[in-house]
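# Examining the three-dimensional arrangement
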Amino acid sequence: MLAYILRRLVLMIPVLFGVSTALFVLMRVVPGDVARTILGQNATPEAISALRHQMGLDKSIGAQYTDWLWGLVRGDLGQSLRSGYPVSTLIGQRFPATLELTVAAMVISLMTAIPLGILAAVKRGSWIDHLTAVIGLAGLSIPSFWLGTLLILFVALKLRWLPPFGYTPFFDDPLQSLRHLALPALTLGFSMTAVVMRMTRSSMVEVLGEEFVKTARAKGLIERRVLYGHALKNALIPVLTIIGLQTGFLFGGAVIIENLFAWPGIGRLTLDGVFQRDYPVVQGSVLFVAVLFVLINLVVDVLYSYLDPRIHYR
Amino acid sequence: MHQTDPQIPLTHPLDRRILLQLTAAGVGSLGLATLARRGVGATPSGAQTDETPKPGGTLKIGLNTDPDTLDPQLSGTLSAWFVWDQVYSTLIGYSPDYQIVPDLASSWQQVDDLTYTFTLREGVTWHDGSPFTAEDVKATVERIADPATGSPGQSRWALVEHIDTSQPNTVTFTLESPYAPFLHNLTGLAILPKAMNPDSLKNTAMGTGPFKFVEWIPGRSVTLERNNAYYVEGQPYLDTLDFRITPDNTARTTGLRTGELDWIEYVPFKDVDLLQGDSSLQVVGGPSSWYDYMRINGHTRPELQDVRVRQAMAWAMDRDEYVDSALFGHGTAMKGGPLPPWSWAYTGQEIYPAQDYDKATALLQEAGYGDGFDVKVIAPTNYEEMVSNAQIFAEQMKPLKIKVSVESLEWSTFLATTDYDLMSIAWSSFVDPDEYTYLTFHSGQGWEVTGITDPELDQLMDQGRTTLDQEQRKEIYVQVERKIAELAPYLFIDFHDAYEAYLPSVKGYAHYASGIRAMEVVWLDS
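Residues numbered from 1 in each chain as written. Chains lettered and ligands numbered in written order. Predicted model: local features only at pLDDT ≥ 70, side-chain atom pairs only at ≥ 80, totals over all residues. Heavy atoms only, no water.

## Quick notes on the overall build of chain A
Within chain A, the secondary structure is distributed over 13 helices and 0 strands. Along chain A, helices (α) and strands (β) appear in the sequence α-α-α-α-α-α-α-α-α-α-α-α-α when read from the amino end. Its C-alpha atoms give chain A principal-axis dimensions of roughly 85 × 55 × 35 Å. Buried residues in chain A amount to 49% of all 314 residues. Long-range pairs, those at least 24 residues apart, make up 73% of the contacts in chain A with a sequence separation of at least 6. Within the structure as shown, chain A displays about 14900 Å² of accessible surface, and the carbon and sulfur contribution to it stands at 70%. Across chain A, the mean location of the 26 positive side-chain charges is 7 Å away from that of the 18 negative side-chain charges. (Helix = DSSP H or I, 4+ residues; strand = E, 2+ residues; numbered from the N terminus. Buried < 20%, exposed > 50% of the residue type's maximum accessible area, 1.4 Å probe, protein only. Contact = heavy atoms within 4.5 Å. Areas by Shrake-Rupley, 256 points an atom, 1.4 Å probe, with all protein chains shown as cover. Lys, Arg positive; Asp, Glu negative; His and termini not counted. Charge placed at Lys NZ, Arg CZ, Asp CG, Glu CD.)

Laid out in structure tokens, this is it:
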């Protein structure tokens, strides 16, 4: 297993190299550049070339690419062309916010989705099954910006229970941090709940029809053991895949939610960078997210073998 | 916008609502070159009160976008300008009625047409405690005038020939030729310390202004604190300015209504009436420096190179419809040229007083285009109003059989597009009329991109720039404005209003059409 993990980690290198090359090329292919964007609609060609020179953008693309790669090898992601902050500092400032939001949304959705999904599968056709179907449909169809706006208007403005937006780092003031976290995490968690719950239900329904479940029941196991000891573990494999994917997406940033709740996450950092053509910021933040994505996939793969001992990695 | 947010003459176009969006997307760029700072001792007329200001407290400000950079000579966003304008001072500034008043210079004298001498205020210190000197002023102007700095405001300083600091506490500027906007330009030039480091200027700020820079956490907040050594006795009143970056319009409005924020700017037009109806809030506003227009590209279609065609389009526009639909009524139709109603140079002449299809059709037929033609208008997606303007324009051109296709582009792509026929965009103007006529309409100027120029207009603008008497200049600009409107390289649409909203505990704030935020006179009544 250890050898397998190590091999996967080594394999990350070509993957990330591919990602970084594609990123670099893509950012240069889109029209517009940072100097023109800074200088605006009335920029003179002279001012644009002066600024490009100052930012090192007048070097050949090849030279810029090798500079960037050489920086990466040394662990240097470069500096923002606009604010001058090191990209690693910017990511370091944003990542805790993204991590908090992602974990909170995950906890909310898993704590509701998995029990509800199991319940719906066990009591198929009952009112609870219908209820979860409605919740699932709502979670998938209600746009998060709309749900978020409603929560802001109702919970923050009308009831005044929670602040409408903002971010407090957890270790600065845990209580205030949680108050700020509640609405965005609920909004984000709700749509994830729907996805995970539906997957849990259908996977559970399928597994409950399997021979080994009949066998378990036939040998007189109590129902709870059948469900949790035998069925659930098997049903969770596809659920885990979905959770892994969703988590990866969340780490990439929930831009709409971040904007709505003024949440300083990775998504806004990346998007602002794209709009401003701040190449090092986009390259650095997307690469960072790519690393997380690959790592999460690895964790999911490893968890498979725990859930299903037949899966072995060598 | 001033682009991403600007002030006085910006390089950019934006309108408040647009700005908001821009901001939301993190994109605005303004040209900030001419942002002017208020002068010292300026008590806004709207803010006079019998109450004695109370010191102390933190003002929580909703900032629409993250600043792009804090370097005043490079930043392109309104949010960045708002922040650094509290930290830096200018030599001279504007009073609320746009008279030039002292700031770092206690007095000044125009020695002859080419020479200006400024006597500096004594005893002023930088936020690090070191003394402010004439060398700081010199270094600031030299930096912005250097093309290698890449400042959008560079051209305003190209005529400075020599800066003399040999007399103590005195700076003397010698210009190459008479240049009427010189003092005006100084009102927007943040004075930087000579010992500045270009890299740290980007993300920190150390000035002589009312507030000291404490911290900028990108994407989250900027914090400034009271400068106890500020040279205006007793000011500023507030201990702390807490800028919270809040990109979403709804969030900002809600933040104000829940007390999470004390003060917000660029209230979306659609929310102005709602907030004005809320008795627990104060809403102030009025004219701003932004105007909307269609820029014609004189390099693509032969039809657009014919002045009669451009005039026909100008006659076919119903400008009130743009104000009503795109601005929710919060603006003023531009029936003349680009001189704003609140500038001393405003002429009030109505060159295109009302939509007139008969005139328009006759002009088109005379030009031989009675059967119409096709044109492409580009508009930036992040400025909703500019897209609306393009769509209204397309509708209004239909009776002329001019088929307008609208293409919405993301901001950076929009800026890089050169094959457009017309561009729906905005610009900001400020007090001096040279600022928004010469650079954009004079042949051979860097901002002149339409290719539609006129020797007589050039000559008039040369005259306006080199004539130093304001009354004489005003007469010249009446002709300049008429000439521009008739030449029609731009089709002017409307001037925007702008609104700020705040809690009743906030006192002393006044709206400036130029977009200046004089936070040193604001105080909290808790």
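So, next bit.
## Description of the pattern of salt bridges
Pairing between side chains of opposite charge can happen when the charged atoms of each approach one another. Tallying each qualifying case throughout the model produces 27 salt bridges over all chains. When the shortest N-O distance is used, the salt bridge between B:Glu410 and A:Arg277 registers 2.8 Å. Placement of B:Glu410 in the loop between strand 15 (402–409) and helix 12 (411–416) and of A:Arg277 in the loop between helix 12 (266–276) and helix 13 (279–307) is noted, with the two residues assigned to different chains. Since its relative accessible area comes to 18%, B:Glu410 is described here as buried. (Salt bridge = Lys/Arg side-chain N within 4 Å of Asp/Glu carboxyl O.)

## A closer look at the interface of chain B and chain A
With 54 residues of chain B at the contact, the number on the chain A side is 42 residues. Of the roughly 4000 Å² buried at the junction of chain B and chain A (both faces included), carbon and sulfur atoms supply 55%. Applying the counting criterion to the chain B and chain A interface returns 2 salt bridges. Seen at the junction of chain B and chain A, the total is 15 residue pairs in polar contact (both at pLDDT 80 or more). Contributing elements (two or more residues each) for the side of chain B that touches chain A: helix 1 (16–25), helix 5 (198–203), strand 8 (211–217), helix 6 (249–257), strand 12 (282–296), helix 12 and strand 16 (422–428) of chain B. (Buried area = accessible area lost by both parts, 1.4 Å probe. Polar contact = N/O pair within 3.5 Å; in protein donor to acceptor, adjacent residues only side chain to side chain.)

## Considerations on the environment of B:Pro380
Residues and elements named next belong to chain B. Looking at the element boundaries, Pro380 is found in strand 14 (residues 373–380). Sequence separation between Pro380 and Ala180 is 200 residues, and the spatial gap between their C-alpha atoms is 34 Å. What Pro380 contacts, discounting residues up to four positions off in sequence, is Met386, Val387, Leu409, Trp411, Phe414 and Ser424.

## Remarks on the environment of B:Ala148
Assignment of secondary structure puts B:Ala148 in the loop between helix 3 (134–145) and strand 6 (160–164). For B:Ala148, a relative accessible area of 47% translates into the label partly exposed. Sequence-wise, B:Ala148 and B:Tyr436 are 288 residues apart; in three dimensions their C-alpha atoms are separated by 24 Å. Residue contacts for B:Ala148: discarding those within four places in its chain leaves A:Ala50 and A:Gln54.

## Focus: the pairing of strand 7 (residues 170–175) of chain B
All names here are of chain B. Counting buried positions over the 6 residues of strand 7 gives 5, a clear majority of the element. Direction of pairing for strand 5 (residues 115–120) relative to strand 7: antiparallel, over a ladder of 5 bridges. Across the sheet, Tyr116 pairs through a bridge with Phe173, a residue of strand 7. From the end of strand 6 to the start of strand 7, which pair antiparallel, there are 5 residues, and Asn169 there has a positive phi angle of about 60°. (Pairing = 2+ DSSP bridges.)

## Looking at the nonpolar core
Formed by 69 residues in total, the largest nonpolar core has its most connected members in B:Met313, B:Phe393, B:Met397, B:Ile402, B:Leu422 and B:Leu491. Looking at this core, the element that brings in the most residues is helix 11 (residues 384–397) of chain B, giving 7 residues. Contacts of B:Ile402, omitting those with residues within four sequence positions, involve B:Met313, B:Leu364, B:Gly372, B:Phe373, B:Val375 and B:Met397. By size, the runner-up hydrophobic cluster in this structure holds 58 residues, among which are A:Ile114, A:Leu227, A:Leu232 and B:Ala501. (Core = buried A, V, L, I, M, F, W, Y, C linked by side-chain atoms within 4.5 Å.)

## With respect to the packing of aromatic side chains
One pass over the structure, following the stated rule, counts 30 aromatic pairs over all chains. On the basis of an interplanar angle of 45° and a centroid distance of 4.8 Å, the ring pair of B:Tyr116 and B:Phe182 is categorised as tilted. Of this pair, B:Tyr116 sits in strand 5 while B:Phe182 sits in helix 4 (residues 182–186), and the two are 66 residues apart along the sequence. The exposure classification of B:Tyr116 matches that of B:Phe182, with both residues buried. Among the aromatic side chains, those forming a connected cluster through ring pairs are B:Tyr291, B:Tyr293, B:Phe441, B:Tyr490, B:Phe492 and B:Phe495. Sitting over the face of the ring of A:Tyr306, A:Lys233 holds its NZ or CZ atom 5.2 Å from the ring centroid. A cation over an aromatic ring shows up here: B:Lys359 above the ring of B:Trp315, its NZ or CZ 4.3 Å from the ring centre. (Phe/Tyr/Trp six-rings, centres within 6.5 Å; stacked < 30°, edge-to-face > 60°. Lys NZ or Arg CZ within 6 Å of the ring centre and 35° of its normal.)

## Here we look at the sheet that holds strand 6 of chain B
Residue and element names in this part refer to chain B. Read across the sheet, 4 strands follow the order 4-5-7-6 without closing on themselves; strand pairing throughout is antiparallel. Across the chains shown, the open sheet's two edge strands, defined by having one partner strand only, are strand 4 (105–112) and strand 6. Across the sheet, the mean angle separating the axes of adjacent strands is 20° when strand polarity is ignored. The strands touched by helix 3 are strand 5, strand 6 and strand 7; relative to strand 7, the strand with the most contacts, the crossing angle is about 30°. (Axes fitted to C-alpha atoms, helices over the stretch in contact; angles between N-to-C directions.)

## Some remarks on unusual backbone geometry
Where the residue is not glycine, phi is negative for most of them; where a peptide bond is considered, it is trans in most cases. Backbone torsion omega between B:Gln235 and B:Pro236 reads -5°, so that peptide bond is classified as cis. Relative to the helices and strands, B:Pro236 resides in the loop between strand 9 (221–226) and strand 10 (240–245). Phi angles above zero are rare outside glycine, and A:Arg277 is one such case at about 55°. Residues other than glycine seldom take positive phi values, yet B:Tyr266 does so here, at roughly 45°. Note that B:Tyr266 resides in the loop between strand 11 (263–264) and helix 7 (269–276). Accessibility expressed as a relative area gives 4% for B:Tyr266, which makes it buried.

## Side note on the pairing of strand 16 of chain B
Residues and elements named next belong to chain B. Here strand 16 lies mainly inside the structure; 7 of its 7 residues are buried. The alternating pattern of strand 16 places Leu422, Ser424, Ala426 and Ser428 on one face and Met423, Ile425 and Trp427 on the opposite face, and all of these are buried. As defined by bridge partners, strand 12 adjoins strand 16 across 7 bridges and the pair is classed as antiparallel. Within strand 16, the position partnered with Arg295 by the bridge is Met423. Of the strand pairs in this sheet, strand 14 and strand 16 are connected by 2 bridges, and their pairing is parallel. By the bridge assignment for strand 16, Val377 is matched with Leu422.

## Observations concerning a nonpolar patch on the surface
Residue and element names in this part refer to chain A. Among the surface-exposed residues, Leu2, Leu6, Leu9 and Leu295 lie close enough to one another that they form a single nonpolar patch of about 360 Å² accessible area. Among the elements that make up the nonpolar patch, the one with the highest residue count is helix 1 (residues 2–29) (3 residues). Here Leu2 is to be found in helix 1. (Patch = residues over 30% accessible without salt bridge, like charges linked within 9 Å, V, L, I, M, F, W, Y side chains within 5 Å.)

## Here's the deal with the domain arrangement of chain A
All names here are of chain A. Structurally, chain A comprises domain 1 (2–73) and domain 2 (87–307). Each of domain 1 and domain 2 has a C-alpha centre, and the two are 32 Å apart. With 22 residues of domain 1 in contact, the opposing surface of domain 2 contributes 17 residues. Summing the contributions of domain 1 and of domain 2, the shared interface buries around 1700 Å²; its carbon and sulfur component is 76%. A salt bridge links Arg8 to Asp301; its shortest N-O distance comes to 2.6 Å. (Domains from an automatic or database assignment.)

## Considering the packing of helix 9 (residues 211–218) of chain A against helix 10 (residues 223–251) of chain A
All names here are of chain A. Following both chains from N to C, one finds helix 9 and helix 10 inclined at 160°, their axes separated by 10 Å at the closest point. With respect to their mutual orientation, helix 9 and helix 10 come out roughly antiparallel. Viewed along their axes, helix 9 and helix 10 form a crossing whose handedness is right-handed. Contacts from Phe212, Val213, Ala216 and Arg217 of helix 9 reach helix 10 at Glu223, Val226, His230, Ala231 and Asn234. (Parallel < 35°, antiparallel > 145°, perpendicular 65-115°, else oblique. Left-handed = near helix turned anticlockwise from the far one by under 90°.)

## A few points about helix 2 (residues 78–87) of chain B
Where burial is concerned, most of helix 2 of chain B is hidden: 10 out of the 10 residues are buried. Every buried residue belonging to helix 2 of chain B is among B:Leu78, B:Ser79, B:Ala80, B:Trp81, B:Phe82, B:Val83, B:Trp84, B:Asp85, B:Gln86 and B:Val87, and all of these are buried.

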